[in-house]
Amino acid sequence: MGRPLWHDRDVIVERRVELRFDRRSRDAGTHTNLSAVRQDATCLWVAGDETATIERLTATTDAVGDLTCYDGQRTFALADLVELPAGRDEEADIEGLARTNGWLWAVGSHSLKRRRVKAGLPDAKARKRLASVLREENRFILARLPLVTGPDGLPEVVRRDGDRTAAILGGHGDSLTDLLEDDPHLAPFLALPGKDNGVDIEGVAAHGDRLYIGLRGPVLRGWAVLIEIWPETHPDHPERLRLRRLDDAGSRYRTHFLDLGGLGVRDLCPDGDDLLILTGPSMDLDGPVRVLRWRDAAKLDAPGIVHPERLEVLGDLPYGDGDDHAEGIAVLDSADLEGTRLLVVYDSPAAGRHTPDGGILADVVVPSG
């Protein structure tokens with residue numbers, strides 16, 4: 001493979017692979033706002049946090065079968081699959097994708113948004129913008145989408161497949177944040193914008209029937225938070241989801257607290273019974289960014305307190321100065337790969353990641369362990 005492009009703490013960026021997007025996505029900025037990625041055979045599912053769509057890219061190989069890029073983009077609008085609370089034109093801020101048992105899951109950030117201060121604004125207008133907090137309803141969703149094999153032999157998401165129906169949680173007073181209104185740890189942070197250490201979902205991983213939801217914030221005295229839920233089809237409304245009761249007390253979620261050294265969760269990815277965790281700052285900072293392994297996470301059947309000795313640091317990832325923010329990780333599953341490889345996608349990619357054809361370079365990473 002040649003000399004590694006970058007390495008530190010035993011994580012090696014082995015090479016870079018181009019992700020190519022169509023003109024419409026480039027005009028919308030999807031390629032520079034990537035927030036989630038998941039592999040599906042020869043395809044990648046990716047999402048940006050500025051739209052209400054999910055994109056499928058397909059691997060292209062050379063004459064000897066080596067991967068050259070992902071292209072052939074196809075766009076799936078969430079509004080064509082589920083009923084979005086605010087309609088198709090408002091962004092859903094998709095921050096996590098998961099795939100299991102013939103379903104693709106997508107989760108919004110569930111975060112409030114404080115308005116940005118734009119350069120050159122008079123002080124009075126800047127102060128006014130900083131006082132403005134917005135709630136955008138499409139951010140507060142969890143969607144489950146049936147996966148089928150399309151006529152071209154590639155996976156696609158559909159609204160209905162036999163008795164399997166696309167379904168959504170949120171928009172009816174039943175979002176994940178509605179669930180947390182009485183939570184002793186998280187309820188105080190529901191009124192805060194995500195970038196102010198408020199509740200901010202940035203990752204999801206599926207293992208069987210359960211989902212793990214990773215929070216960028218809040219971070220509680222250095223402890224990051226994962227929420228475990230078991231969604232199921234609502235018996236009276238197949239286009240809706242509800243959360244299964246987890247115990248005799250009727251609890252519909254569990255919280256797990258992980259000592260990530262003050263960092264929050266930026267993405268999650270299952271690896272067998274283990275959970276890989278992409279971590280980074282909860283606030284508007286560049287780094288540090290690292291990948292950890294929580295071994296046997298799926299075997300835990302109770303709320304957890306996870307100390308550092310139970311978390312294996314696989315290494316650090318590169319980050320830029322105001323750019324190159326690692327936002328998504330996916331395990332690359334291929335018979336011709338020896339050992340684990342991760343694909344890492346970046347929000348606000350640095351100039352060196354842009355290709356002449358309008359593509360973006362993602363990293364193929366070899367973690368330690």
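Structure's up top.
Below you will find a few notes about this structure. (Residues numbered from 1 in each chain as written. Predicted model: local features only at pLDDT ≥ 70, side-chain atom pairs only at ≥ 80, totals over all residues. Heavy atoms only, no water.)

**Observations concerning the overall build of the protein chain**
Line of reasoning, step 1. The number of helices and strands found in the protein chain is 3 helices and 29 strands.
Line of reasoning, step 2. In terms of C-alpha radius of gyration, the protein chain reaches 20 Å, essentially the compact-globule figure of 21 Å for 369 residues.
Line of reasoning, step 3. By principal-axis analysis of the C-alpha atoms, the protein chain measures approximately 55 × 55 × 45 Å.
Line of reasoning, step 4. A fraction of 59% describes how many contacts in the protein chain between residues 6 or more apart in sequence connect residues 24 or more apart.
Line of reasoning, step 5. Summing over all exposed atoms, the protein chain offers an accessible surface of approximately 16,200 Å²; the carbon and sulfur share of this is 46%.
Line of reasoning, step 6. The centroid of the 46 positive side-chain charges in the protein chain is displaced by 3 Å from the centroid of its 64 negative side-chain charges. (Helix = DSSP H or I, 4+ residues; strand = E, 2+ residues; numbered from the N terminus. Rg over C-alpha atoms; globule rule 2.2 N^0.38 Å. Contact = heavy atoms within 4.5 Å. Areas by Shrake-Rupley, 256 points an atom, 1.4 Å probe, with all protein chains shown as cover. Lys, Arg positive; Asp, Glu negative; His and termini not counted. Charge placed at Lys NZ, Arg CZ, Asp CG, Glu CD.)

**Quick look at the sheet that holds strand β22 (residues 264-271)**
Line of reasoning, step 1. If you walk across this open sheet you meet the 4 strands as β22-β23-β24-β26, and the pairing is antiparallel. Every other strand in the sheet has two partners, leaving β22 and β26 (311-316) as the edge strands with one partner each. On average, each strand axis in the sheet is tilted by 25° relative to the strand beside it, whichever way the strands run.
Line of reasoning, step 2. Sheet analysis places β22 next to strand β23 (residues 274-280), joined by 7 bridges and oriented antiparallel. Within the sheet, the bridge partner assigned to Gly-264 lies in β23 and is Gly-280. (Pairing = 2+ DSSP bridges. Axes fitted to C-alpha atoms, helices over the stretch in contact; angles between N-to-C directions.)

**Considerations on the pairing of β22**
Line of reasoning, step 1. With 6 of 8 residues buried, β22 is to be regarded as a mostly interior element.
Line of reasoning, step 2. Linking β22 to β23, which pair antiparallel, is a turn of 2 residues; within it Gly-272 sits at a positive phi near 65°. (Buried < 20%, exposed > 50% of the residue type's maximum accessible area, 1.4 Å probe, protein only.)

**Examining the packing of aromatic side chains**
Line of reasoning, step 1. Under the counting rule described, the total for this entry stands at 1 aromatic pair.
Line of reasoning, step 2. Ring geometry for Trp-45 and Phe-76: centres 5.6 Å apart, planes at 55°, overall tilted. Of this pair, Trp-45 sits in strand β4 (residues 43-48) while Phe-76 sits in strand β6 (residues 67-77); the two residues are 31 residues apart in sequence, bridging distant segments of the chain. As far as the burial class goes, Trp-45 and Phe-76 line up, both buried.
Line of reasoning, step 3. Lying across the ring of Phe-140, Arg-135 places its NZ or CZ 3.8 Å from the centre.
Line of reasoning, step 4. A cation over an aromatic ring shows up here: Arg-144 above the ring of Trp-103, its NZ or CZ 4.0 Å from the ring centre. (Phe/Tyr/Trp six-rings, centres within 6.5 Å; stacked < 30°, edge-to-face > 60°. Lys NZ or Arg CZ within 6 Å of the ring centre and 35° of its normal.)

**Some thoughts on unusual backbone geometry**
Line of reasoning, step 1. The residue after Gly-217, namely Pro-218, is reached through a cis peptide bond having omega 5°.
Line of reasoning, step 2. Looking at where Pro-218 falls in the secondary structure, it is placed in the loop between β17 (210-217) and β18 (223-229).
Line of reasoning, step 3. With a phi angle near 55°, His-110 is a residue other than glycine that sits in the positive phi range.
Line of reasoning, step 4. Considering the arrangement of structural elements, one finds His-110 in the loop between β8 (103-108) and β9 (113-114).
Line of reasoning, step 5. A relative accessible area of 2% places His-110 in the buried class.
Line of reasoning, step 6. A positive phi angle is found at Asp-296, which is not glycine, with a value near 55°.
Line of reasoning, step 7. Along the polypeptide, Asp-296 turns up in the loop between β24 (290-294) and β25 (304-306).
Line of reasoning, step 8. With a relative accessible area of 38%, Asp-296 lands in the partly exposed category.

**Focus: a positive patch on the surface**
Line of reasoning, step 1. A cluster of like positive charges, contributed by Arg-115, Lys-118, Lys-125 and Lys-128, occupies part of the molecular surface.
Line of reasoning, step 2. Residue placement: Lys-125 occurs in helix α2 (residues 123-130).
Line of reasoning, step 3. On the accessibility criterion, Lys-125 (53% relative accessible area) is exposed. (Patch = residues over 30% accessible without salt bridge, like charges linked within 9 Å, V, L, I, M, F, W, Y side chains within 5 Å. Salt bridge = Lys/Arg side-chain N within 4 Å of Asp/Glu carboxyl O.)

**Some thoughts on the pattern of salt bridges**
Line of reasoning, step 1. By the definition in use, this model includes 34 salt bridges.
Line of reasoning, step 2. In this structure, Glu-136 engages Lys-113 in a salt bridge whose closest nitrogen and oxygen atoms are separated by 2.9 Å. Placement of the pair is Glu-136 in the loop between β10 (133-134) and β11 (142-149) and Lys-113 in strand β9, with a sequence separation of 23 residues.
Line of reasoning, step 3. The exposure class assigned to Glu-136 is buried, which follows from its relative accessible area of 14%.
Line of reasoning, step 4. A salt bridge links Arg-114 to Asp-196, with the nearest nitrogen and oxygen atoms 2.8 Å apart.

**Focus: the pairing of strand β21 (residues 254-259)**
Line of reasoning, step 1. Burial runs high along β21: 5 of the 6 residues are buried.
Line of reasoning, step 2. Both β21 and β25 contribute to a ladder of 3 bridges, which runs parallel. Of the residues in β25, the one forming a bridge with Phe-257 is Ile-305.

**Quick notes on the sheet that holds β18**
Line of reasoning, step 1. Read across the sheet, 5 strands follow the order β16-β17-β18-β21-β25 without closing on themselves; strand pairing throughout is mixed. At either end of the open sheet lies a strand with only one pairing partner, and these are β16 (200-207) and β25. Sheet twist, expressed as the mean angle between neighbouring strand axes with direction ignored, is 20°.

Coordinates in, geometry out; function isn't part of it.
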